[in-house]
Amino acid sequence: MTDSSSGPSQPHVRVGDVTIRRVRIDEWPALRALRLRALADAPDAFGASLAEAEAEPDDAWRTRIERARSILVIAERAGIMVGMAGGGDAPTPERIAGLYGMWVDPALRGTGVAGALVEAVVEWARAAGYPQIGLGVTTTNGRAIALYRRHGFTEIDQRMPLRDGSEVEIQIMTRPLA
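In what follows, the accompanying structure is described. (Residues numbered from 1 in each chain as written. Predicted model: local features only at pLDDT ≥ 70, side-chain atom pairs only at ≥ 80, totals over all residues. Heavy atoms only, no water.)

### Notes on the overall build of the chain
Next up, step 1: A tally of helices and strands in the chain yields five helices and eight strands.
Next up, step 2: Taken from the N to the C terminus, the helices and strands of the chain come in the order β-β-α-α-α-β-β-β-α-β-α-β-β.
Next up, step 3: On C-alpha atoms alone, the chain measures out to a radius of gyration of 15 Å, which is about the 16 Å that the 2.2 N^0.38 rule sets for 178 residues.
Next up, step 4: By principal-axis analysis of the C-alpha atoms, the chain measures approximately 40 × 40 × 30 Å.
Next up, step 5: Counting the 178 residues in the chain, one finds 44% classified as buried. (Helix = DSSP H or I, 4+ residues; strand = E, 2+ residues; numbered from the N terminus. Rg over C-alpha atoms; globule rule 2.2 N^0.38 Å. Buried < 20%, exposed > 50% of the residue type's maximum accessible area, 1.4 Å probe, protein only.)

See the structure below:
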């Protein structure tokens, strides 16, 4: 699957005045700004650092959107991106989807936007034939862990550092899709 301008589109979902939809390739500058905002707001929620993301060339942002067998959805309010989540292959020997890069603007947390982003990626993974979806969440982020539990994810006995040299740990959670 690719972006909605060149592949099967996913219906738009509304949560109040927020629309959840696939990002288009031509929106990479706004996606880049959103990702940098997310990294500045929650530096311990992502595998990449703000400095690493700022250093990425423009082509990397377009590639992130057009990558085969993946999805990138955004939450948009009044024409401004206010949330994001991605899906793709998990780094496992088994065929499992992964939920990546989840973030919602602090002003919209607790409104259902995060859950709608999660479910958009889950539905993509189910439609793509994945039997399971997984994610990594920092062990100190109780609010995110609670969100994922509400959406059917459970912890497995697997933890690892957020990134090389980090003392922050992530907990792996999974959800069956069958």
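After presenting the structure, the write-up continues.
### Observations regarding the packing of aromatic side chains
Next up, step 1: Evaluation of the coordinates by the stated rule reveals two aromatic pairs.
Next up, step 2: Across from the ring centre of Tyr130, 4.1 Å away, lies the NZ or CZ of Arg95, which sits over that ring. (Phe/Tyr/Trp six-rings, centres within 6.5 Å; stacked < 30°, edge-to-face > 60°. Lys NZ or Arg CZ within 6 Å of the ring centre and 35° of its normal.)

### Re helix α4 (residues 113-127)
Residues that lie three or four places apart on an α-helix share one face, since the helix turns once every 3.6 residues.
Next up, step 1: Over its 15 residues, α4 extends 21 Å from the first C-alpha to the last, a length consistent with the 21 Å expected when each residue adds 1.5 Å.
Next up, step 2: Counting buried positions along α4 yields 11 of 15 residues, so the element is predominantly enclosed.
Next up, step 3: Looking only at α4, the buried set comprises Val113, Ala114, Gly115, Ala116, Leu117, Val118, Ala120, Val121, Val122, Trp124 and Ala125.
Next up, step 4: Looking one or two residues past α4, Gly129 carries a phi angle of roughly 90 degrees, positive in sign. (Expected span 1.5 Å × (residues − 1).)

### Side note on the sheet that holds strand β5 (residues 97-104)
Next up, step 1: Spatially, β1-β2-β3-β4-β5-β6-β8-β7 is the arrangement adopted by the eight strands of the open sheet, whose pairing is mixed. The open sheet terminates on both sides in strands that have one partner only, identified here as β1 (13-15) and β7 (154-161). With strand direction ignored, the average angle separating the axes of adjacent strands in the sheet is 25 degrees.
Next up, step 2: In the packing of helix α1 (residues 28-41) onto the sheet, the strands contacted are β3 (71-77), β4 (80-89) and β5, and the crossing angle to β4 comes to about 90 degrees. (Pairing = 2+ DSSP bridges. Axes fitted to C-alpha atoms, helices over the stretch in contact; angles between N-to-C directions. Contact = heavy atoms within 4.5 Å.)

### Observations concerning the nonpolar core
Next up, step 1: Counting residues in hydrophobic clusters, the biggest one holds 34 residues, and the most contacted among them are Ile20, Leu99, Met102, Leu117, Ile133, Tyr148 and Phe153.
Next up, step 2: At 10 residues, α4 tops the list of elements feeding residues into this core.
Next up, step 3: Counting 17 residues, the second-largest nonpolar core is a separate cluster that includes Leu31, Phe46, Ile74 and Trp103. (Core = buried A, V, L, I, M, F, W, Y, C linked by side-chain atoms within 4.5 Å.)

### Regarding the packing of α1 against helix α3 (residues 58-66)
Next up, step 1: Viewed as axis vectors pointing N to C, α1 and α3 meet at an angle of 95 degrees, and their least axial separation amounts to 9 Å. By the criterion of interaxial angle, the relationship of α1 to α3 is roughly perpendicular. Note on element contacts: α3 touches α1 through Asp58, Trp61, Arg62, Arg64 and Ile65, opposite Trp28, Leu31, Arg32 and Arg35.
Next up, step 2: Its residues assigned to classes, the contact of α1 with α3 shows four nonpolar, no polar and five charged. (Parallel < 35°, antiparallel > 145°, perpendicular 65-115°, else oblique. Nonpolar A, V, L, I, M, F, W, Y, C, P; charged D, E, K, R; others polar.)

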